[in-house]
Amino acid sequence: MTTITIDESALEGMESLLGDQFADTLTFCCSEFQRLGSEVLANLGSDNEAAARHAHSLKSNAAQFGAASLSSLAQEIELTLNQGDVATAQEKSQPLDEQVSGSVEKLQAWFATR
């Protein structure tokens with residue numbers, strides 16, 4: 001079972017910063033998490049440079065919107081790919097889909113209580 005951690009203070013900060021645009025931006029970010037996670041997995045082992053770039057984007061986007069555990073996992077994948085350790089990156093990426101879907105679920109649940 002993968003632990004999903006959401007940093008609510010980061011979410012509140014983005015909500016304060018974005019105001020009326022927050023809901024649309026959160027929806028967009030959730031779809032980006034899914035797209036970037038899929039890109040990491042699709043490129044891993046065949047185009048590791050692309051996989052590392054997508055992991056980097058996922059790390060940054062997730063951190064901005066409080067998806068702390070997703071950001072941390074993406075950072076680990078990016079780091080191991082940048083070190084050329086594809087086997088470890090593949091191992092670390094196994095819970096990526098679950099991390100993405102769990103983070104999206106928790107972010108949407110948080111927003112629904114606003």
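Basis of the calculations
- Residues numbered from 1 in each chain as written.
- Predicted model: local features only at pLDDT ≥ 70, side-chain atom pairs only at ≥ 80, totals over all residues.
- Heavy atoms only, no water.
- Core = buried A, V, L, I, M, F, W, Y, C linked by side-chain atoms within 4.5 Å.
- Buried < 20%, exposed > 50% of the residue type's maximum accessible area, 1.4 Å probe, protein only.
- Helix = DSSP H or I, 4+ residues; strand = E, 2+ residues; numbered from the N terminus.
- Contact = heavy atoms within 4.5 Å.
- Axes fitted to C-alpha atoms, helices over the stretch in contact; angles between N-to-C directions.
- Parallel < 35°, antiparallel > 145°, perpendicular 65-115°, else oblique.
- Left-handed = near helix turned anticlockwise from the far one by under 90°.
- Nonpolar A, V, L, I, M, F, W, Y, C, P; charged D, E, K, R; others polar.
- pLDDT = per-residue confidence, 0-100.
- Arc of directions from axis to C-beta.
- Salt bridge = Lys/Arg side-chain N within 4 Å of Asp/Glu carboxyl O.

Let us look at the nonpolar core. In terms of nonpolar packing, the biggest core is built from 30 residues, with Leu11, Phe33, Phe65, Leu70, Leu96 and Leu107 touching the most fellow members. Among the elements of the structure, helix H1 (8-18), helix H2 (22-43), helix H3 (48-64), helix H4 (68-82) and helix H6 (96-112) are those that each provide at least two residues to this core. Apart from residues no more than four positions distant in its own chain, Leu70 is found in contact with Phe33, Leu58, Ala62, Leu96, Gln99, Val100 and Ser103.

The subject of this paragraph is the packing of H3 against H4. Put simply, H3 and H4 touch, their axes get as near as 8 Å, and they point 155° apart. Comparing their axes, H4 and H3 come out roughly antiparallel. Note that H3 runs across H4; the crossing there is left-handed. For the pair formed by H3 and H4, the contact residues are Asn48, Ala51, Ala52, Ala55, His56, Leu58, Lys59, Ala62 and Ala63 on the first element and Leu70, Ser71, Ala74, Gln75, Ile77, Glu78, Leu81 and Asn82 on the second. Residue composition of the contact of H3 with H4, grouped by class: ten nonpolar, five polar and two charged.

Let us look at the confidence of the model for the protein. Averaged over the protein, the pLDDT score is 96; the fraction of residues at 70 or greater is 99%. For the protein, the element scoring lowest by mean pLDDT is H1, at 95; H4 scores highest, at 98.

Every buried residue of H1 is accounted for by Ala10, Leu11 and Met14. With its buried residues spanning 100° around the axis, H1 presents them on a single face. Those residues of H1 that are exposed and aimed more than 90 degrees away from the buried face are Ser9 and Ser16. Backbone geometry just downstream of H1 places Gly19 in the positive-phi region, at approximately 55°.

Next up on the list: the pattern of salt bridges. Scanning the entire structure with this criterion turns up four salt bridges. Taking the shortest distance from any N to any O, the salt bridge between Arg114 and Glu15 comes out at 2.9 Å. Here Glu15 lies in helix H1 and Arg114 lies in the segment after H6, a separation of 99 residues in the sequence. When the shortest N-O distance is used, the salt bridge between Glu32 and Arg35 registers 2.9 Å. In this pair, Glu32 and Arg35 both sit in helix H2, three residues apart, roughly one turn of the helix. Judged by relative accessible area, which is 39%, Arg35 ranks as partly exposed.

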